[in-house]
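So you can see what is in the structure, the chains are spelled out below.
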Amino acid sequence: TSFFHGKAEKDYQGRSWLEPPRDKKKESDNCFLPKRWIHSWSGHTKGVNAIRFFPGKGQFLLSAGLDGKVKIWDAIGSYKCMRTYLGHSKGVKDINFTNDGRKFVSVGYDKNIRLWDTETGQVITTLNTGKLYYCGVFHPDDDKQNVLMGGCGDKKIYQFDLNTGEVEQEYNYHLGAVNTVTFIDENRRFVSSSDDKSLRVWEFGIPVQIKYIADPSMHSMPSVTPNPAGTAIICQSLDNQVVTYMTKDKFKQNRKKTFKGHNTAGYACQVNWSPDSKYVMSGDSEGRCFFWEWAQPYKVVRTIKAHDGVCIGVAWHPMESSKVATCGWDGLIKYWD
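Calculation criteria
Residues numbered from 1 in each chain as written. Predicted model: local features only at pLDDT ≥ 70, side-chain atom pairs only at ≥ 80, totals over all residues. Heavy atoms only, no water. Salt bridge = Lys/Arg side-chain N within 4 Å of Asp/Glu carboxyl O. Helix = DSSP H or I, 4+ residues; strand = E, 2+ residues; numbered from the N terminus. Patch = residues over 30% accessible without salt bridge, like charges linked within 9 Å, V, L, I, M, F, W, Y side chains within 5 Å. Areas by Shrake-Rupley, 256 points an atom, 1.4 Å probe, with all protein chains shown as cover. Phe/Tyr/Trp six-rings, centres within 6.5 Å; stacked < 30°, edge-to-face > 60°. Buried < 20%, exposed > 50% of the residue type's maximum accessible area, 1.4 Å probe, protein only. Lys NZ or Arg CZ within 6 Å of the ring centre and 35° of its normal. Contact = heavy atoms within 4.5 Å. Pairing = 2+ DSSP bridges.

Draft legend 1. Geometry of the pattern of salt bridges. Within this structure, the stated rule accounts for 14 salt bridges. Salt-bridge contacts for Lys-131 lead to Asp-154; the nearest nitrogen and oxygen are separated by 3.8 Å. Placement of Lys-131 in the loop between strand E10 (123–127) and strand E11 (133–138) and of Asp-154 in the loop between strand E12 (147–152) and strand E13 (157–161) is noted, with a sequence separation of 23 residues between them. In this structure, Glu-170 engages Lys-156 in a salt bridge whose closest nitrogen and oxygen atoms are separated by 3.3 Å. A residue pair is termed long-range when its members are at least 10 positions apart, and Glu-170 in strand E14 (residues 166–171) and Lys-156 in the loop between E12 and E13 qualify at 14 residues.

Right under this line is the structure:
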């Protein structure tokens, strides 16, 4: 079920509430560090596990709570909660939009993966194979928006076709639960990270790994994010550092770009980029949000004390150059400018 909290689902011209405002332009091509706290969204009764901005204009923010609710918030105007999506009996682990934002997928601890219509709040498809999934990622190509990659607790990655609900492919080499799936190299390949502390690179659609990266000094990497240009990925390594892998020609670690200073041991704090790739940001287990410059990895340029518990999710607004949202296990989502 789903509840709409806004004034009206259609405006006076009959446009849907999802439509972005017409006059929204990109402020500037350079990003700046946020300085002050401007808003808190509260509405989740337990901690907030993940936040995602609406693709494109970023006029909404979607949040997944450990109370089993998914909420969507207005991020540029009134800051109201626009809709609540109730479909999970336990907490929600991961959420992701399709490219146009009209649908999104939610992965819950109740072993359900649900595909939602963002506008009406209807559940389009429910996938339940009786196993617990840790991530659900859409294929980034516009003509493959029905392909969902699910990283599972039974050490496999399942490729679902959302039109039929069938499993199309299984990728089975990991020795521990799969934490993340990230597409690289113009979406022809993807990288998976797992509790077995390794990274594996796969050709999309072919269930044989083409590269296997493991090292005795490596730790497991529960959050992986590609940069906007698609040339590198940053990984939250659980020995309190963010490590970088270059994904263009050869997939290899760039040891110069290692970001330290935060404390994440034991928590899957999200790492993220600013839209112009100038800054790298990360949450931390003491509720702080850290910013580094990509050009000078050894220096922390800003720290924000954001939350009372763990600061688990961080996201930079795609259009507004200095706005950052953070979410934490104190149940709040905070907005910084």
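Draft legend 2. Fine view of a nonpolar patch on the surface. Where nonpolar side chains cluster on the molecular surface, the patch consists of Tyr-173, Ile-206 and Val-208 and spans about 260 Å² of accessible area. Mapped onto the fold, Tyr-173 is located in the loop between E14 and strand E15 (178–184).

Draft legend 3. Just the packing of aromatic side chains, in detail. Evaluation of the coordinates by the stated rule reveals 28 aromatic pairs. On the basis of an interplanar angle of 55 degrees and a centroid distance of 5.7 Å, the ring pair of Phe-183 and Phe-190 is categorised as tilted. The same class applies to Phe-183 and to Phe-190, which are both buried. For the cation-ring pair, Lys-257 lies above Trp-294, with the distance from its terminal atom to the ring centre recorded as 4.7 Å.

Draft legend 4. Structural detail: the environment of Gly-153. Within the secondary structure, Gly-153 sits in the loop between E12 and E13. With 19 residues separating them along the chain, Gly-153 and Tyr-134 place their C-alpha atoms 6.7 Å apart. Residues in contact with Gly-153, not counting those within four places in the same chain, are Leu-132, Tyr-134 and Ala-177.

Draft legend 5. Molecular detail of the pairing of strand E3 (residues 48–53). Within E3, 6 of the 6 residues are buried, leaving the element largely enclosed by the surrounding structure. By the bridge criterion, 5 bridges tie E3 to strand E4 (residues 60–65) in an arrangement that is antiparallel. Residue pairing for E4: Ala-50 is matched across the bridge by Ala-64. Taking the residues that link successive antiparallel strands as the turn, the E3-E4 hairpin has 6 residues, and the phi of Gly-56 there is positive, at about 90 degrees.

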